[in-house]
Amino acid sequence: QVQLVESGGGLVQAGGSLRLSCARSGRPFRITTMGWYRQAPGRQRELVAAFTSGDSTNYADSVKGRFSISSDTAKNTVYLQMNSLTRVDTAVYYCRASGSRYVSGHNVDYWGQGTQVTVSS
């Protein structure tokens, strides 16, 4: 099994910064996408930022220039640096890793438990 454990969420004032971490452990698999999604109250879960196949990065338009995704391969950890936060960024942030098994080729898709980010005015 695979575990994704997020940390770093909390309460921050508008204009402030937070850094989220997602530590991955468990059975290795071929990762094609790993990144961050968020879900605000009453809204659908949406992509924030992710690494995709070929080491490309994909950002939501609303966070471009403010958020940055990075990774530490040795630590199996992905980070999300969030700057210039606004109240619109308030949401539960989820880490996601998807790909396929090395032997069977079966698709797999894992989510973390989420971490709350609240931006106050």
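Check the entry above for the structure.
This report concerns the structure included in the present document. (Residues numbered from 1 in each chain as written. Predicted model: local features only at pLDDT ≥ 70, side-chain atom pairs only at ≥ 80, totals over all residues. Heavy atoms only, no water.)

1. A look at the pairing of strand β11 (residues 115-120)
Of the two faces of β11, the one lined by T115, V117 and V119 is fully buried and the one lined by Q116, T118 and S120 carries no buried residue. The pairing of strand β2 (residues 10-13) with β11 spans four bridges and is parallel. Within β11, the residue paired with V12 across the bridge is V119. Pairing analysis gives three bridges linking strand β9 (residues 91-100) to β11, with the strands arranged antiparallel. Paired with A91 across the strands is V117, a residue of β11. (Buried < 20%, exposed > 50% of the residue type's maximum accessible area, 1.4 Å probe, protein only. Helix = DSSP H or I, 4+ residues; strand = E, 2+ residues; numbered from the N terminus. Pairing = 2+ DSSP bridges.)

2. Digging into the state of the cysteines
A complete count under the given rule lists one disulfide for this structure. Here C22 connects covalently by a disulfide to C95, the sulfurs 2.0 Å from one another. Linking C22 and C95, the disulfide has an S-S dihedral of approximately -80 degrees and is accordingly described as left-handed. One end of the pair, C22, is in strand β3 (residues 18-26); the other, C95, is in strand β9, with 73 residues separating them in the sequence. (Disulfide = S-S within 2.5 Å.)

3. Quick look at the packing of aromatic side chains
Under the criterion given, the structure shown has three aromatic pairs. Centre to centre, the rings of F29 and Y110 are 5.5 Å apart; their planes meet at 55 degrees, and the pair counts as tilted. A residue pair is termed long-range when its members are at least 10 positions apart, and F29 in the loop between β3 and β4 (30-39) and Y110 in strand β10 (residues 107-111) qualify at 81 residues. Summarising the aromatic geometry, the rings of Y37 and W111 are spaced 5.1 Å apart at their centres and angled 65 degrees between planes, so their arrangement reads as edge-to-face. (Phe/Tyr/Trp six-rings, centres within 6.5 Å; stacked < 30°, edge-to-face > 60°.)

4. Quick notes on the layout of surface pockets
The computed volume of the largest pocket comes to approximately 350 Å³. Considering the residues around the largest pocket, the lining is formed by 16 residues, among which I31, F51, D55, S71 and T73 are closest to the centre. Looking at the lining of the largest pocket, the elements with two or more residues in it are β4, β5 (46-52), β7 (67-72) and β8 (77-82). Of the residues forming the lining of the largest pocket, the biggest block, four residues, is contributed by β4. Broken down by class, the residue content of the lining of the largest pocket amounts to four nonpolar, nine polar and three charged. (1 Å grid on protein atoms, 1.4 Å probe; cavity = no way out; pocket = protein on both sides within 12 Å on 5 of 7 lines; lining within 4 Å. Points joined across faces, edges and corners; volume = space filled by probe spheres on them. Nonpolar A, V, L, I, M, F, W, Y, C, P; charged D, E, K, R; others polar.)

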